Amino acid sequence: MNNFHRNLNRMAFFTAFVLCGLILFYRTFFAIAIANIYLNGIIIGTTLFGIILCFIKVFALLPEYRWLNAYTRGARGAKMPPRLLHSVAVMLRTRPEKLTEGGLRGILDTILVRLEDDREPLRYVTNTLVFLGLLGTFWGLILTIGGFAELIGNLNFNDETVLETMQVGLSKPLGGMATAFTSSLLGLGGSLVVGFLALQVQLAQGAVFHKLEDFLAARTNVSHIDAGTWPKIESTLDKIGNAVRSIDRKTAPQQ
């Protein structure tokens, strides 16, 4: 449970730090957000969804921790874990005194696959934030180029009000640049926040995996070779080496 609380505290402190930063610089954040309220609103909403999902994932580990602690203490009546370790708990229901190397490897592989599958939504949210940031960048660049092309095409340098026309026409390309930069900033910032929280979820899941791995490894029969068989193996290897060298000597003149 110490690892769980450590990772949860990191997540809480980091989220509080980000929230305090947004409160202190709320005017700047609001100005960035309204540069393109639709796209930036989607990015902010996706970031909030990723943060909530990370906390849900880490709190979902509580039953796994409780079952694992009870199992390692020898409690036979421990309740079955709900998700990640359920199949492992079913395999270990009979509580074998010793496991084989193959059995241990199969159990650990099963846990790793489940942990990887459980973290896939977090990776998808992080990649989506990066994608939305890039989408806003290209969208803003398209608006900027189109705005400059329209401005240049409508300019009449013989007109006395050309400067006023240029000033009015610059609003569209400048708006495109604002969309490009703000969406990139929010997308990368959101991916950073969700990525850090997802890392803490991975560390919390890794603590469960390593604790179970250490417990089961101590109860695994490791196949070994008797010390008396080593001279026979070394003798066989020497014979093979001598045979290979003799073949090389015979074939060397022919080359």
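Residues numbered from 1 in each chain as written. Predicted model: local features only at pLDDT ≥ 70, side-chain atom pairs only at ≥ 80, totals over all residues. Heavy atoms only, no water.

**Considerations on the packing of aromatic side chains**
Phase 1: The full count for this structure, using the stated rule, is one aromatic pair.
Phase 2: Measuring from ring centre to ring centre gives 4.3 Å for F14 and F196, while their planes differ by 35°; the resulting arrangement is tilted. With F14 in helix 1 (residues 2–24) and F196 in helix 8 (residues 171–217), the pair connects residues that are 182 residues apart, well separated along the chain. (Phe/Tyr/Trp six-rings, centres within 6.5 Å; stacked < 30°, edge-to-face > 60°. Helix = DSSP H or I, 4+ residues; strand = E, 2+ residues; numbered from the N terminus.)

**Digging into the nonpolar core**
Phase 1: Within the largest apolar cluster, 45 residues are counted, with the highest numbers of intra-cluster contacts made by C54, I111 and L197.
Phase 2: If you tally residues by element for this core, the top one is helix 8, at 13 residues.
Phase 3: When neighbours within four sequence positions are excluded, C54 is seen to be in contact with M11, L122, V194, L197, A198 and V201. (Core = buried A, V, L, I, M, F, W, Y, C linked by side-chain atoms within 4.5 Å. Buried < 20%, exposed > 50% of the residue type's maximum accessible area, 1.4 Å probe, protein only. Contact = heavy atoms within 4.5 Å.)

**Structural notes on the confidence of the model for the protein**
Phase 1: Confidence in the prediction of the protein, expressed as mean pLDDT, is 78, and 68% of residues score 70 or more.
Phase 2: When the elements of the protein are averaged for pLDDT, helix 9 (residues 230–251) gives the smallest value, 59, and helix 3 (residues 37–59) the largest, 93. (pLDDT = per-residue confidence, 0-100.)

**Details of the packing of helix 2 (residues 26–33) against helix 3**
Phase 1: In the contact formed by helix 2 and helix 3, the axes pass within 8 Å of each other and the chain directions differ by 120°. As the angle between them shows, helix 2 and helix 3 are arranged oblique. On helix 3, the residues touching F29, I32 and A33 of helix 2 are I37, N40 and I44.
Phase 2: Residues of the contact of helix 2 with helix 3, tallied by class, amount to five nonpolar, one polar and no charged. (Axes fitted to C-alpha atoms, helices over the stretch in contact; angles between N-to-C directions. Parallel < 35°, antiparallel > 145°, perpendicular 65-115°, else oblique. Nonpolar A, V, L, I, M, F, W, Y, C, P; charged D, E, K, R; others polar.)

**Here's the deal with the environment of L104**
Phase 1: Within the fold, L104 resides in helix 6 (residues 101–154).
Phase 2: Sequence spacing of L104 and L216 is 112 residues, and the spatial spacing of their C-alpha atoms is 7.1 Å.
Phase 3: Among residues more than four places away in sequence, those in contact with L104 are L216, A217 and T220.

**Structural notes on the pattern of salt bridges**
Phase 1: Under the criterion given, the structure shown has four salt bridges.
Phase 2: The salt bridge involving R119 is made with E116; its shortest N-O contact spans 2.8 Å. One end of the pair, R119, and the other, E116, are both in helix 6, three residues apart, so they sit about a helical turn from each other.
Phase 3: Across the salt bridge formed by E120 and R123, the nearest N and O atoms sit 2.8 Å from each other. Remark: R123 and E120 occur in helix 6; sequence separation between them is three residues, near one turn of the helix.
Phase 4: Of the residues examined, R123 reaches a relative accessible area of 31% and is grouped as partly exposed.
Phase 5: Each of the salt bridges in this network shares a partner with another, and the network as a whole consists of E116, R119, E120 and R123. (Salt bridge = Lys/Arg side-chain N within 4 Å of Asp/Glu carboxyl O.)

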